[in-house]
Amino acid sequence: SIAAGCADGSIWQFNTAGTCELIGLGGGGEDLSAKLRVQGGGPYYYGPPVTALAYMPRGGGLIVGVGTEVEVWDVAAKLRRMSGWHGGSITAVAWSDNAEWIASGSADGKIKLWKLSPWTGPAGAFTHRCSTCYPWQLPLQHTLRKHRAAVTSLDFAADSTRLLSGSEDHTVRAWDLRSAEQVAMQDTGAPVYTVQWDGSSGISASVGPNGTACHSQCLQIMYPPQPTPT
């Protein structure tokens, strides 16, 4: 399936059969009628624009960045399950491969890490173990503050223990999720728009404004050495 978020706040899903359905309205929850306009024979919604989307790797969930809010949606039920907030507009979101971590970046340069319960099937994707949080509240684990401009891209390593981030401050940074510490940084000399872990070698790549890919030769951000089996 393919998800799309629109400037009017609407969230859509397209499947392989060629059909399209409305999942919901970001920032407005499930009450679509409250923000529905009918003009020119079609429905139009008005809400904050959807600026970032990411599916849960194992299916069933969708992260939506809308305004300054991070939302977790149950796609099948078309329900917003959880929410969290930033101080700036959401510019990037990502979901870890083990489905336990959500990362969101914003225009103020901050990255927030949210922690869900260990994977137990579709229902487990929308629960947490935070005793002081409301059920609908995304439990915040860490706030990463090294970037000095908008965060543009986020990507988790395959083992869900590290996060890669790119920013308009010209840097690519790697983070250890367990310690919430930066473990590597490279200044690329230009705003960074896209970053991604290479699953085979652990080396990242970034793409700057001129479309030039910056690979291992200029980044040198690699997986930490693994312990030798005994």
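Rules of the game
Residues numbered from 1 in each chain as written. Predicted model: local features only at pLDDT ≥ 70, side-chain atom pairs only at ≥ 80, totals over all residues. Heavy atoms only, no water. pLDDT = per-residue confidence, 0-100. Contact = heavy atoms within 4.5 Å. Phe/Tyr/Trp six-rings, centres within 6.5 Å; stacked < 30°, edge-to-face > 60°. Helix = DSSP H or I, 4+ residues; strand = E, 2+ residues; numbered from the N terminus. Buried < 20%, exposed > 50% of the residue type's maximum accessible area, 1.4 Å probe, protein only. Pairing = 2+ DSSP bridges. Salt bridge = Lys/Arg side-chain N within 4 Å of Asp/Glu carboxyl O. Axes fitted to C-alpha atoms, helices over the stretch in contact; angles between N-to-C directions. Core = buried A, V, L, I, M, F, W, Y, C linked by side-chain atoms within 4.5 Å.

Some details on the confidence of the model for the chain
For the chain, per-residue confidence averages 80 on the pLDDT scale, and residues scoring 70 or more make up 76% of the total. Within the model, the stretch residues 216–230 combines pLDDT values under 50 with 30 contacts to residues more than four positions away or in other chains.

Digging into the packing of aromatic side chains
Applying the stated rule across the entire model yields 1 aromatic pair. Centroid distance Trp-85 to Trp-136: 6.2 Å. Interplanar angle 85°. Geometry classified as edge-to-face. On the criterion of sequence distance, the pair formed by Trp-85 in strand E9 (residues 79–85) and Trp-136 in the loop between strand E12 (111–115) and strand E13 (140–144) is long-range, its members being 51 residues apart. Trp-85 sits in the partly exposed class, given a relative accessible area of 40%. Residue class for Trp-136 comes out partly exposed when judged on its relative accessible area of 42%.

Comments concerning unusual backbone geometry
Even without a glycine there, the phi angle at Lys-78 is positive, about 55°. Inspection of the secondary structure assignment puts Lys-78 in the loop between strand E8 (69–74) and E9. One non-glycine residue with positive phi stands out, namely Ala-99, at about 70°. Tracing the backbone shows Ala-99 in the loop between strand E10 (90–95) and strand E11 (101–106).

Observations regarding the pairing of strand E14 (residues 151–156)
For E14, the buried fraction is high: 6 of the 6 residues fall into the buried class. By the bridge criterion, 5 bridges tie E14 to strand E15 (residues 162–167) in an arrangement that is antiparallel. Bridged to Ser-153 within E15 is Gly-166. The loop that links E14 with its antiparallel partner E15 comprises 5 residues; one of these, Ser-160, has a positive phi angle of about 60°.

Section: the pattern of salt bridges
Here the structure, examined in full by the defined rule, presents 8 salt bridges. When the shortest N-O distance is used, the salt bridge between Lys-115 and Glu-100 registers 3.9 Å. Linking Lys-115 in strand E12 with Glu-100 in the loop between E10 and E11, this pair joins segments that are 15 residues apart in sequence. When its relative accessible area of 24% is taken as the criterion, Lys-115 is described as partly exposed. For Glu-100, a relative accessible area of 17% corresponds to the buried category.

Here's the deal with the side chain of Asp-74
Along the chain, Asp-74 turns up in strand E8. Excluding anything up to four places from it in sequence, Asp-74 contacts Gly-60, Leu-79, Arg-81 and Phe-126.

With respect to the sheet that holds strand E3 (residues 20–25)
Taken together, 3 strands build an open sheet; the order of strands is E1-E2-E3 and the sheet is antiparallel. What marks the edges here is a single partner per strand, and that holds for strand E1 (2–5) and E3. Strand-to-strand, the axes of this sheet are offset by a mean angle of 25°, without reference to chain direction. Direction of pairing for E1 relative to strand E2 (residues 10–14): antiparallel, over a ladder of 4 bridges. Residue Ala-4 lies in a different strand from E2, and its bridge partner there is Trp-12.

Topic: the nonpolar core
With 16 residues, the main nonpolar core has Ile-63, Val-72, Trp-95, Ile-102 and Leu-138 as its most contacted residues. Contributions of two or more residues to this core are made by strand E6 (50–55), E8 and E10. The greatest single-element share of this core, amounting to 3 residues, is contributed by E10. Not counting residues within four places of it along the chain, the set of residues in contact with Ile-102 comprises Ile-63, Val-72, Ala-94, Trp-95, Lys-112, Leu-113, Trp-114, Leu-116, Leu-138 and Phe-156. Formed by 14 residues, the second largest nonpolar core is a distinct cluster that contains Ala-92, Ala-103, Ile-111 and Leu-113.

Digging into the sheet that holds E15
Here we have 4 strands laid out as an open sheet, ordered E14-E15-E16-E17, and antiparallel in their pairing. Every other strand in the sheet has two partners, leaving E14 and strand E17 (181–187) as the edge strands with one partner each. If you compare each strand with its neighbour and ignore which way they point, the axes differ by 20° on average. Across 6 bridges, strand E16 (residues 171–176) lies against E17 in antiparallel orientation. Along E17, the bridge assignment pairs Val-172 with Gln-186.

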